[in-house]
There are 2 protein chains.
Amino acid sequence: MQLRKFNVKLNKIDHVMISHLHGDHFFGLMGMISTMHLFKRIKDLHVYGPPDLSEIIVSILRYSKSYLNFKLVFHPLESDTPELIFENEILTVHTIPLTHGIRCNGFIFREKPKPRKINKETMPEGFSLQNIARLKMGLDIVDGEGNLIYKNEELTLPEKVSFSYAYCSDTTYNENIIPLIRNVSLLYHESTFGTDMEQRAIETYHSTAKQAAIIAQKANVSKLILGHFSVRYKDLEPLLSEAKGIFHETILAREGESIILEH
Amino acid sequence: MQLRKFNVKLNKIDHVMISHLHGDHFFGLMGMISTMHLFKRIKDLHVYGPPDLSEIIVSILRYSKSYLNFKLVFHPLESDTPELIFENEILTVHTIPLTHGIRCNGFIFREKPKPRKINKETMPEGFSLQNIARLKMGLDIVDGEGNLIYKNEELTLPEKVSFSYAYCSDTTYNENIIPLIRNVSLLYHESTFGTDMEQRAIETYHSTAKQAAIIAQKANVSKLILGHFSVRYKDLEPLLSEAKGIFHETILAREGESIILEH
């Protein structure tokens, strides 16, 4: 329902990553799968999540005597250490093992280095396709004996930044994730409570806004989004200002909002 | 989410009846149960549905290591014949076995006869509490030897109508349900297709609008609501007029709408 509300086309979704088996993180999955079936999806759907998720999906389909008209490829996430779970031409996805009382993973999405673009202003005529390919890969132009003819930067535009996004929900405060998320462009870190509820955060394997900010600061990320707020907080400003006191580049997650990353 | 959207208070819900295990009929249940838990519900919740539903609920709670802070009382509906599944001072609920390829039940809610109200205009003074109780139960007033003193109607207002509501979704056209729903005040009957798709209705164990109307007419109900429309029908008027051709007192179900029953 949220996907429909925010005009996300179901047919654009080929990969779904589920962090853990608490209801607020996967109860919508079966509805989405059923809707894809109803709308005659035929291409594969890849689902990544805790091994038990596969049993839940299979048993619900079996009880309802439903046979999907597309292939659902399940990828069980069983490792306690970070693993590469997806890769294509433009990005990689790795898991971030989190601490939440039950098996739980965050995910980090990293754009691969982008090919350099030719600078049409400075480009001499008559360059071979081979040399253009060298330039796009970031290499210099040399003659048959290896002597420099053009430095790459003379003929290409400045390199485009590759962005990265780390999604960490739900987790207790855990410094082990810092090396995994270091320098990311954007970090989503759960912030269920404020510091007033720090003890409750520990008991329920959640974090406070301040703890999220400490992780962001120690990992030197560019920007932090706080989310997963307890319903007890009608006003989220205190959580935001608590985090900003530690790490200024912090914003509150809002459902349906798009965040544009810029260099 | 729909309950919240239409301002239905979760704490007013003590009994939930699930017809069958197709996703559009129960995928919201776990979310509702989790939300009740999150909002600190303590009173029992009664869930009635196909036996497999209990396994789904238990396994999802087990996988998530969740322990509800209220008691969930599950009532498996295993009978192939109608059964009384709930009764209190004001109503009864019986199942309506439906034909849908998997175990599926409709439900019929019947108000019990309502106590008659004393007519203050015609009531003589000095009546005993015993005699007033007799009047409310619809009995006449007699003397010690059984001779009539007042007929009940002289001292009470006209009896209030007891309403009944039958919910039948999903089902193929099935005349076996007619004796079970005869004379109900309101019948909800699925109408997934129009007559143009009658063959498809048979194959998928669904009904057409016309078939729903035939059931309504043969069962002599007061009013029919059509619902559970296939997404292929952008305009539902053809389904409505198809049904009205057979049974005039037909309306289309609209999400969130309340229907007031009047004599």
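Residues numbered from 1 in each chain as written. Chains lettered and ligands numbered in written order. Predicted model: local features only at pLDDT ≥ 70, side-chain atom pairs only at ≥ 80, totals over all residues. Heavy atoms only, no water.

**A word on the pattern of salt bridges**
Residue and element names in this part refer to chain A.
For step 1, the next point in the chain: Tallied over the full model, the rule gives 16 salt bridges over all chains.
For step 2, the next point in the chain: Note that R103 and D80 form a salt bridge whose closest N and O atoms lie 3.4 Å from each other. With R103 in the loop between β5 (91-97) and β6 (105-111) and D80 in the loop between β3 (72-76) and β4 (84-87), this pair connects stretches of sequence that are 23 residues apart.
For step 3, the next point in the chain: Here R200 makes a salt bridge to E203, at a shortest N to O gap of 3.9 Å. Linking R200 with E203, this pair stays in helix α8 (residues 198-203), spanning 3 residues, or about one helical turn.
For step 4, the next point in the chain: Several salt bridges share partner residues, and in doing so they unite D14, R41 and K43 into one network. (Salt bridge = Lys/Arg side-chain N within 4 Å of Asp/Glu carboxyl O. Helix = DSSP H or I, 4+ residues; strand = E, 2+ residues; numbered from the N terminus.)

**A look at the interface of chain B and chain A**
For step 1, the next point in the chain: At the junction of the two partners, chain B supplies 21 residues and chain A supplies 21 residues.
For step 2, the next point in the chain: Between chain B and chain A the total buried area reaches about 1900 Å² when both faces are included, carbon and sulfur atoms providing 70% of it.
For step 3, the next point in the chain: Broken down residue by residue, the surface that chain B buries against chain A is led by F27, I60 and Y63 of chain B, which jointly contribute 33%.
For step 4, the next point in the chain: One can count 0 salt bridges joining chain B with chain A.
For step 5, the next point in the chain: The interface formed by chain B and chain A contains 4 residue pairs in polar contact (both at pLDDT 80 or more).
For step 6, the next point in the chain: With 5 residues, helix α4 (residues 51-63) of chain B is the single largest residue contributor to the side of chain B that touches chain A.
For step 7, the next point in the chain: Taken together, the residues of the side of chain B that touches chain A break down into 9 nonpolar, 7 polar and 5 charged. (Contact = heavy atoms within 4.5 Å. Buried area = accessible area lost by both parts, 1.4 Å probe. Polar contact = N/O pair within 3.5 Å; in protein donor to acceptor, adjacent residues only side chain to side chain. Nonpolar A, V, L, I, M, F, W, Y, C, P; charged D, E, K, R; others polar.)

**Let's talk about the environment of T208 of chain A**
Residues and elements named next belong to chain A.
For step 1, the next point in the chain: Note on placement: T208 falls in the loop between α8 and α9 (209-218).
For step 2, the next point in the chain: Along the chain, T208 and M32 lie 176 residues apart, while their C-alpha atoms are 31 Å from each other.
For step 3, the next point in the chain: Once you skip the residues sitting within four places of it in the chain, T208 turns out to touch S191, F193, G194, T195, E198, A201 and E242.

**Topic: the packing of aromatic side chains**
Each aromatic ring pair is characterised by the separation of its centres together with the angle its planes make.
For step 1, the next point in the chain: All told, the structure shown has 8 aromatic pairs over all chains when counted by the stated rule.
For step 2, the next point in the chain: Their ring planes at 20° and their centres at 6.0 Å tell us that F109 of chain A and Y165 of chain A sit as a pair that is stacked. Of this pair, F109 of chain A sits in strand β6 while Y165 of chain A sits in strand β9 (residues 164-168), placing them 56 residues apart in sequence.
For step 3, the next point in the chain: Assessed through its relative accessible area of 25%, Y165 of chain A is described here as partly exposed.
For step 4, the next point in the chain: Aromatic pair Y167 of chain B and Y188 of chain B: ring centres 5.1 Å apart, planes at 20°, arrangement stacked. One end of the pair, Y167 of chain B, is in strand β9 (residues 164-168); the other, Y188 of chain B, is in strand β10 (residues 186-190), with 21 residues separating them in the sequence.
For step 5, the next point in the chain: Classification of Y167 of chain B by relative accessible area gives partly exposed; the value is 23%.
For step 6, the next point in the chain: Here the guanidinium or amino end of R41 of chain A rests over the ring plane of F70 of chain A, the centre of that ring lying 5.6 Å away. (Phe/Tyr/Trp six-rings, centres within 6.5 Å; stacked < 30°, edge-to-face > 60°. Buried < 20%, exposed > 50% of the residue type's maximum accessible area, 1.4 Å probe, protein only. Lys NZ or Arg CZ within 6 Å of the ring centre and 35° of its normal.)

Shape descriptors only; they carry no functional weight alone.
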